[in-house]
Amino acid sequence: VTNRFLSHADLAALIAELVAANTRVIAPVRAKDDPEQLDYLPIHSFEEATFGVRLTRRSLKEFFLPPSEVLLRYRQTKDGVEIQEVATEMPPQVILTATPCDAAGLEIVDKVMNWDYRDESWFGRRKATTIVSFLCTTMDATCFCSSVGLGPDTSRGSDLLLVLVEGGYLAQVITPKGEALLQGHGEAEIPASAQAGAEAAQSEARKKVELNLSAIPASFSTWLAKNFDHPAWKTLALRCHGCGACASVCPTCHCFDIVDEHDSCSEGVRRRNWDSCQTTKFTVHASGHNPRASQSERFRQRIEHKFSIYPTRFGEILCTGCGRCSRICPGGMDLPKLVGELIALAQAGPEGSSL
Amino acid sequence: MKELQELARKLLSDGTVNVVIGYEEGPRGARPAFITDPKQADKLIFDTRCVQNLATYLNPRRKQITQLGKAAVVVKGCDARAVAGLIRENQIERANVVIIAMQCSGVLQNPEIDSELTSETVSVRCGGCDVCEPKLYDHYLKLAHTPLQSSPEPPINTQRAEQIAALEKMTPAERWNFWSEHLSRCIRCHACREACPMCFCVQCTAEKSQPLWIDPSATPRANRAWQTMRVLHQAGRCVDCLECERACPEHIPLGLLARYVADAVDRRFEYKACDDSSVPAPLGVYRTDDDEEFIR
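Residues numbered from 1 in each chain as written. Chains lettered and ligands numbered in written order. Predicted model: local features only at pLDDT ≥ 70, side-chain atom pairs only at ≥ 80, totals over all residues. Heavy atoms only, no water.

Our next topic: the overall build of chain B. What chain B contains, in helices and strands, is nine helices and five strands. Ordering the α and β elements of chain B from the N terminus gives α-β-β-α-β-α-β-β-α-α-α-α-α-α. Burial status across chain B gives 52% buried among its 296 residues. Considering only contacts within chain B whose residues lie at least 6 apart along the sequence, 72% involve residues at least 24 apart. Surface accessibility of chain B: about 14,100 Å² in total, with carbon and sulfur atoms responsible for 53%. Taken together, the 37 basic and 40 acidic charged side chains of chain B have centroids lying 4 Å from each other. (Helix = DSSP H or I, 4+ residues; strand = E, 2+ residues; numbered from the N terminus. Buried < 20%, exposed > 50% of the residue type's maximum accessible area, 1.4 Å probe, protein only. Contact = heavy atoms within 4.5 Å. Areas by Shrake-Rupley, 256 points an atom, 1.4 Å probe, with all protein chains shown as cover. Lys, Arg positive; Asp, Glu negative; His and termini not counted. Charge placed at Lys NZ, Arg CZ, Asp CG, Glu CD.)

Here it is as structure tokens:
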């Protein structure tokens, strides 16, 4: 696969072509309620996209696992129940100038979506989507992508990675899907200055985020599994309200609840809705007993799932280090700092010598 | 600040309380702090970045806090109304909480940027504040940095009043569209409820499944039903602390919705959420001289 060079006009033309073909193009744009903030929203022209400014408020998750999604419709008839399945083949869509960590998050979640059951809705959207990422240079003190094995220029989950260079963009082609998108756009010949500029920008971006939190040691996962009853859990989440806003904005939190909702006595829909282990009712039993009685246990679950259970089962951390959970938290919980504290505890303890 | 730290140290050392709920330096402004060790009392701060309503941690649903034992809580005058609300509604006992009230001249709308408090930077909820001088407290600490100021009133901010006036001016259809558009973004995560100091129901109507009162999925109809129910249940109870709005991942102006209803309660019942727990709230009282003209 060869990389390509795109001028600003080339990129604008590519978007115009996609829009003309009725392909849904999603990009970061100024939020309607707050022009300081960005949201991923459908765009109709290149001018609408606002990238390289800051991280969007929410991740790309909602375009693959919508907050609420119809799984099937049902109708009771004289002879039984008629089931009408929903289509899992989706129309093509392009996500433009995504933050690389958001694209990587999708690839991380792919593993659970193809584990004991293949989630056709998820993969239908994954297959229909081409993701064009944009080198992240807007990291702040809450970002820690490099400590979970990613980086501001990670190519995981992306089909193309754009890097802003003099006169345009260097498009790094990651997948055949990305190559197909660029067909007939830009130049195969890359100016030497663009190549060097891109390399310098990537290296600078990596250095910037690496200052925030060191790489999470692989053995942290084992320490977490062994220290389920560590006294630290009692005090780590005192300020947590259990509102679950962290899970909503998280690119990798993927838990859902399935409900049947009746439209009439004989008809209805089965939907799945986002759910979060941070809320009280997530684990409450029919008896009324709740094995995760307080927020301390619920927060422990969040950390254990992301940094121990998922790595044990799927070989990678269920976190992209985007820091959105910390930014949204009304109680001021700060994930990179908490993880840093836990790692320090692990390293100080007798079992921690291996860390 | 020193005064606050010394008081906290004393309350913890002499065993009056087991935990002092206050503010500390956080990664993006001030954040809630839970001091159990008198040696840690120096962490406590109070300034214009202290936006959170710490009374929310007295809500009995915060089991991780109730487990710590008796608490002292740092409140602004506006937050004291939530403490009064929890006492009024029998969620906590007055004798079981030590209230440290701070004189306050307003907090920042965006506490991440430590800027001067001006009409532009002050929180929308501080406009028209009448509780700069709290009345419900065990200890009252005056602002050290405004000793000459006779009244600690916040800078004038009319943004909220203007938003309300704009809503009032709308036709019912326009207002319906305004809220429908905002509420269409709701994803029914219920973060607003979980972060709220006054949402303490053990079983929320939104989770009743037999019968199912409100569809749990995020559809325009169910979102409207959920947010309407919540805001009506908050009528005369909401203390306008904006914890709901801060928690909302979809950034729905829930504070505006609640304030709109609070203003209606004030007009109809001459009642504002206040820091006197002996004053009954309209939703919690039956009066034989009630007009009930709406029912005719």
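This next bit is on the sheet that holds strand S5 (residues 80–85) of chain A. The strands making up a sheet associate through backbone hydrogen bonding, with each pair oriented either parallel or antiparallel. Residue and element names in this part refer to chain A. Within the open sheet, the four strands sit side by side as S5-S4-S11-S10. Their pairing is antiparallel. Only two strands of the sheet have a single partner each, and these edge strands are S5 and strand S10 (256–262). Put simply, the sheet's adjacent strands are angled 25° from each other on average, direction ignored. Here seven bridges tie S10 to strand S11 (residues 267–274), and the two strands are oriented antiparallel to one another. Each residue of the ladder has a partner; that of Ile 258, found in S11, is Arg 272. (Pairing = 2+ DSSP bridges. Axes fitted to C-alpha atoms, helices over the stretch in contact; angles between N-to-C directions.)

If you look at the biggest cluster of nonpolar residues, it comprises 62 residues, and the most contacted ones within it are A:Phe220 and A:Phe307. Formed by 60 residues, the second largest nonpolar core is a distinct cluster that contains A:Leu238, B:Val73, B:Cys126 and B:Leu136. (Core = buried A, V, L, I, M, F, W, Y, C linked by side-chain atoms within 4.5 Å.)

How two aromatic rings sit relative to each other is given by the distance of their centres and the angle of their planes. Residues and elements named next belong to chain A. Counted by the stated rule, this structure contains 13 aromatic pairs over all chains. With a centroid separation of 4.6 Å and an interplanar angle of 50°, the aromatic rings of Tyr 310 and Phe 314 are classed as tilted. Within this pair, Tyr 310 and its partner Phe 314 are both found in helix H9 (residues 295–314), separated by four residues, close to a single helical turn. The residues Tyr 310 and Phe 314 share a single accessibility class, namely buried. Each member of the aromatic cluster is reached from another via a ring pair, and the members are Phe 46, Phe 51, Phe 134 and Tyr 169. The cationic tip of Lys 61 hangs over the ring face of Trp 274; the distance from NZ or CZ to the ring centre is 4.5 Å. Over the face of the ring belonging to Phe 228 we find Arg 300, whose NZ or CZ atom lies 3.6 Å from the ring centre. (Phe/Tyr/Trp six-rings, centres within 6.5 Å; stacked < 30°, edge-to-face > 60°. Lys NZ or Arg CZ within 6 Å of the ring centre and 35° of its normal.)

Contact with chain B, which involves 34 residues of that partner, is made by 37 residues of chain A. Across the chain B to chain A interface the summed buried area is about 2,900 Å²; carbon plus sulfur atoms make up 51%. Joining chain B to chain A, the criterion identifies three salt bridges. Between A:Arg58 and B:Glu250 there is a salt bridge, and its shortest N-O distance comes to 3.4 Å. Linking chain B with chain A are 15 residue pairs in polar contact (both at pLDDT 80 or more). Counting residues per element, the ones that place at least two in the side of chain B that touches chain A are strand S2 (29–35), helix H2 (63–66), helix H6 (191–195) and helix H8 (243–247) of chain B. Of all the elements, S2(B) adds the most residues to the side of chain B that touches chain A, at four residues. Taken together, the residues of the side of chain B that touches chain A break down into 16 nonpolar, seven polar and 11 charged. (Buried area = accessible area lost by both parts, 1.4 Å probe. Salt bridge = Lys/Arg side-chain N within 4 Å of Asp/Glu carboxyl O. Polar contact = N/O pair within 3.5 Å; in protein donor to acceptor, adjacent residues only side chain to side chain. Nonpolar A, V, L, I, M, F, W, Y, C, P; charged D, E, K, R; others polar.)

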